[in-house]
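Residues per chain are reported as follows:
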Amino acid sequence: MASPLLSRHGAVAAGGPDSGVAAHYGEPNREQRDLARGLAVVDLSHLGVVTVTGVDRLTWLHTLSSQDVATLVPGVSTELLLLDPNGRVQHAPAVVDDGTTAWLITEAEDAAGLAAFLESMRFMLRVEVAIDTDTAVLGTSATGPSLRTGDGAEPVTWRDPWPATAPGSTRYGPADADHPGSEWAAQLWLVPRAEVPAVVRAAESAGARLAGAWAWEAMRVASWRPRLAREVDERAIPHELDWLRTSVHLNKGCYRGQETVARVFNLGRPPRRLVMLHLDGSEHLTPEPGEVVLDGEREVGRVTSVVRHHELGPVALAVIKRNVAPDVQLTVGGIAAAQELIVSVEGAGTDRPEPAAGPMLRRRTL
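Residues numbered from 1 in each chain as written. Predicted model: local features only at pLDDT ≥ 70, side-chain atom pairs only at ≥ 80, totals over all residues. Heavy atoms only, no water.

Quick look at the side chain of S305
- In this fold, S305 is placed in strand 17 (residues 298-309).
- Given the relative accessible area of 1%, S305 is considered buried.
- A polar contact of 2.8 Å, which involves the side chain of S305, links it to the side chain of R220.
- The residues touching S305, leaving out its near neighbours within four places in the chain, are R220, V221, R230, E231, V315, A316 and L317. (Helix = DSSP H or I, 4+ residues; strand = E, 2+ residues; numbered from the N terminus. Buried < 20%, exposed > 50% of the residue type's maximum accessible area, 1.4 Å probe, protein only. Polar contact = N/O pair within 3.5 Å; in protein donor to acceptor, adjacent residues only side chain to side chain. Contact = heavy atoms within 4.5 Å.)

Let's talk about empty space enclosed by the protein
- Under the criterion given, the structure shown has two cavities of 30 Å³ or more.
- Every residue lining the largest cavity is counted, 29 residues in all, and those nearest its centre are L188, W216, R220, R225 and R227.
- Secondary structure elements with two or more residues in the lining of the largest cavity: strand 9 (101-106), strand 13 (186-192) and helix 5 (213-222).
- Sort the elements by how many residues they give to the lining of the largest cavity and helix 5 lands first, with four residues.
- Taken together, the residues of the lining of the largest cavity sort by class into 17 nonpolar, four polar and eight charged. (1 Å grid on protein atoms, 1.4 Å probe; cavity = no way out; pocket = protein on both sides within 12 Å on 5 of 7 lines; lining within 4 Å. Points joined across faces, edges and corners; volume = space filled by probe spheres on them. Nonpolar A, V, L, I, M, F, W, Y, C, P; charged D, E, K, R; others polar.)

Brief notes about the packing of aromatic side chains
- This model, assessed by the stated rule, comprises one aromatic pair.
- Centroid distance W184 to W216: 5.6 Å. Interplanar angle 80°. Geometry classified as edge-to-face. With a gap of 32 residues between them, W184 in the loop between strand 12 (156-159) and strand 13 and W216 in helix 5 connect regions that are remote in the sequence.
- On the accessibility criterion, W216 (13% relative accessible area) is buried.
- Sitting over the ring of W162, R245 keeps its end group 5.9 Å from the ring centre. (Phe/Tyr/Trp six-rings, centres within 6.5 Å; stacked < 30°, edge-to-face > 60°. Lys NZ or Arg CZ within 6 Å of the ring centre and 35° of its normal.)

What about the sheet that holds strand 16 (residues 292-295)?
- Pairing within the closed barrel is antiparallel, and its six strands lie in the order 15-18-17-16-19-20. Looking at each pair of strands side by side, their axes are set apart by 40° on average, direction ignored.
- With seven bridges connecting them, strand 15 (residues 272-279) and strand 18 (residues 313-321) associate as antiparallel partners. Across the sheet, residue R273 finds its bridge partner in strand 18, namely I320.
- Across the sheet, helix 5 lies against strand 15, strand 17 and strand 18, angled at about 130° from strand 17, the strand it touches most. (Pairing = 2+ DSSP bridges. Axes fitted to C-alpha atoms, helices over the stretch in contact; angles between N-to-C directions.)

What to know about unusual backbone geometry
- Cis geometry is adopted by the peptide bond preceding P163, which originates at W162 and carries an omega value of 0°.
- For P163, the position within the fold is in the loop between strand 12 and strand 13.
- Backbone geometry at W224 places phi at a positive 60°, although glycine is not the residue there.
- Positive phi is not limited to glycine here, since D351 has a value of about 65°.
- With respect to the helices and strands, D351 occurs in the segment after strand 20 (335-341).
- Residue D351 is classed as exposed on the basis of its relative accessible area, which comes to 71%.

Comments concerning the sheet that holds strand 10 (residues 128-131)
- A sheet is described by the order of its strands in space; here five strands give the open sequence 5-8-9-4-10, paired in antiparallel fashion. On the outer flanks of this sheet lie strand 5 (77-79) and strand 10, each paired with one strand and no other. When the angles between neighbouring strand axes are averaged without regard to direction, this sheet yields 25°.
- In this sheet, strand 9 lies alongside strand 4 (residues 48-53) in antiparallel orientation, the contact comprising six bridges. By the bridge assignment for strand 9, V52 is matched with A102.
- Packing of helix 2 (residues 57-64) onto the sheet brings it into contact with strand 4, strand 8 (94-97), strand 9 and strand 10, and relative to strand 9 it is tilted by some 40°.

Structure (structure tokens):
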């Protein structure tokens, strides 16, 4: 469903997982700076919204997912992962509950699959699952404009917890205070789809400016934040993406894929790791997501996200083999790429149990 804001002057349609909204409105660098300064509103109305209602909704989501949401307080934001039996990521919705409804925000192409999976797991519990096509998503920074609907109400809002390591979680990257994601935080506002143009106009009349999906992606990549539609493939486990820090509670009860989560945490060394690549911009070219990452002539991974950041220049996220030396210069499509570590080469989460000494000790990877 194409957004009505695509009719704005200068709007250039986005592609890939952001199809349906504008990539930019004619000034991508200015839009990115506005977003970084807390001045912009981003049309993310292509994202999927799934609702779960009923008195059992939170305890039910708790049993299915990686996250402790059994006693989630209304208005508190979190995220959860739904894994396959081998611990691989299948769904990764943002979650906020308003006291009667659990709102799950996900990728446009994931909404139907997420809803179908949840529906298949209902059994006799008092829950109802629905895809909400009447609700749309707008994005701002945490310090950005405060949005209001036509009746003056503040919409339900999801405030991104990234990169703060939640209680019961662990991290495979830097401490929260040293993480680049601590410099910028996202908010997602749930507004009636029919009111999107009016809500944006009201924000603009109060001094906000409209920015496109490219600006949103640039801030996400600079924050090292994994995205289901980009960083997740059929093999991805959360340890590789440093995603445990906000989406996995290591001490909660059983859920599908928990054995893999626990085993890799206890033994360490996930097979791959997320890395930021600083790309040589002298040729004014950038690779496309999916391009092969090379160490010399050896294929070591693939690029997942590529942006031109207003301060960092051309940068990318890539998932590569964990044991690639961190100081080696890589290439992507003939473009030189220097690594900046996100997930450590050692592949050990914080507070990982020390392995017992003795001849029976065996360490292995997946």
